[in-house]
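# Fold and geometry: a report
Given next are the chains, with one letter for each unit.
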Amino acid sequence: MLYAAKEAGVTKIVLSENSHKSLFNGCALLGITPLLLPVKTKENIPLPITVYELNESLHQADALFLTHPDYYGNLLDLEKIKRLCQQEGKLLLIDGAHGSHLHFDEKIYAGSYADMWVDGVHKSLPALTQGAVVSSQKPCADALGKAVDIFRTTSPSYPIMASVEYAVK
């Protein structure tokens, strides 16, 4: 997703300071500057990011990268966040690693709102570890296809791929 975002002109991206390590590594490799959103907590449990908190940060970036739901199951108001991104002309990228099962409810599923998103089907659906699906809406499809072609192995694990197909079905 980050490579496709870079192809679309993203040089600065807003993300939560508790985002997955791979996101920070990807930004470093691709020369994308991460703009960090601080994580607010209550009793050491992270609280969901609000649209108000995003509004200021988004002015300085080209895209927004969120985790939905987060590791604690917190859901974001994706409808309002998508509207904000559209108003600002910013890409919305979502790590839906913990929300593949939400596909059955369009009102809370990441793919209903994101320009690009990942479903980590191995975390919430019956797929082998490392099984995931990356998807996009039309404007990003060509760049994402190019990214998958560059980064995907030429000898994938067929048991993992079969388990992803099974999980999706």
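Residues numbered from 1 in each chain as written. Predicted model: local features only at pLDDT ≥ 70, side-chain atom pairs only at ≥ 80, totals over all residues. Heavy atoms only, no water.

Moving on: the state of the cysteines. In this structure the tally under the stated criterion is 0 disulfides. Sulfur of Cys-27: no disulfide; nearest cysteine sulfur belongs to Cys-85 and is 15 Å away. (Disulfide = S-S within 2.5 Å.)

Moving on: unusual backbone geometry. With an omega of -10 degrees, the peptide bond between His-68 and Pro-69 qualifies as cis. Within the secondary structure, Pro-69 sits in the loop between β5 (63–67) and α4 (78–88). Backbone geometry at Glu-43 places phi at a positive 55 degrees, although glycine is not the residue there. Checked against the element boundaries, Glu-43 lands in the loop between β3 (41–42) and β4 (45–46). In the Ramachandran plot, Gln-130 falls in the positive-phi region, its phi being about 85 degrees despite a non-glycine side chain. One can find Gln-130 in the loop between α5 (121–124) and β8 (133–136). (Helix = DSSP H or I, 4+ residues; strand = E, 2+ residues; numbered from the N terminus.)

To continue, consider the sheet that holds β8. Here we have 6 strands laid out as an open sheet, ordered β2-β1-β5-β6-β7-β8, and mixed in their pairing. Each of the sheet's edge strands pairs with one partner strand only, and the pair in question is β2 (33–37) and β8. Neighbour to neighbour, the strand axes of the sheet diverge by 20 degrees on average, direction disregarded. The pairing of strand β1 (residues 12–16) with β5 spans 3 bridges and is classified as parallel. Looking at β5, one finds that Val-14 is bridged to Leu-64. Set on the sheet, helix α2 (residues 21–30) makes contact with β1, β2 and β5; between it and β1 the angle comes to about 165 degrees. (Pairing = 2+ DSSP bridges. Axes fitted to C-alpha atoms, helices over the stretch in contact; angles between N-to-C directions. Contact = heavy atoms within 4.5 Å.)

Tallied over the full model, the rule gives 2 aromatic pairs. Relative to Phe-151, the ring of Tyr-3 lies with its centre 5.6 Å away and its plane at 70 degrees, an arrangement referred to as edge-to-face. Here the residue Tyr-3 occupies a position in helix α1 (residues 2–7), and Phe-151 occupies one in helix α6 (residues 138–151), the gap between them amounting to 148 residues. For Phe-151, a relative accessible area of 58% puts it in the exposed group. Each ring, one from Tyr-109 and one from Trp-117, has its centre 6.5 Å from the other, and the planes form 85 degrees; the classification is edge-to-face. (Phe/Tyr/Trp six-rings, centres within 6.5 Å; stacked < 30°, edge-to-face > 60°. Buried < 20%, exposed > 50% of the residue type's maximum accessible area, 1.4 Å probe, protein only.)

Mapping Lys-82 onto the fold places it in helix α4. Within polar-contact distance, the side chain of Lys-82 engages the side chain of Asp-115 at 3.2 Å. Beyond its immediate chain neighbours, meaning those up to four positions away, Lys-82 contacts Leu-92, Tyr-113 and Asp-115. (Polar contact = N/O pair within 3.5 Å; in protein donor to acceptor, adjacent residues only side chain to side chain.)

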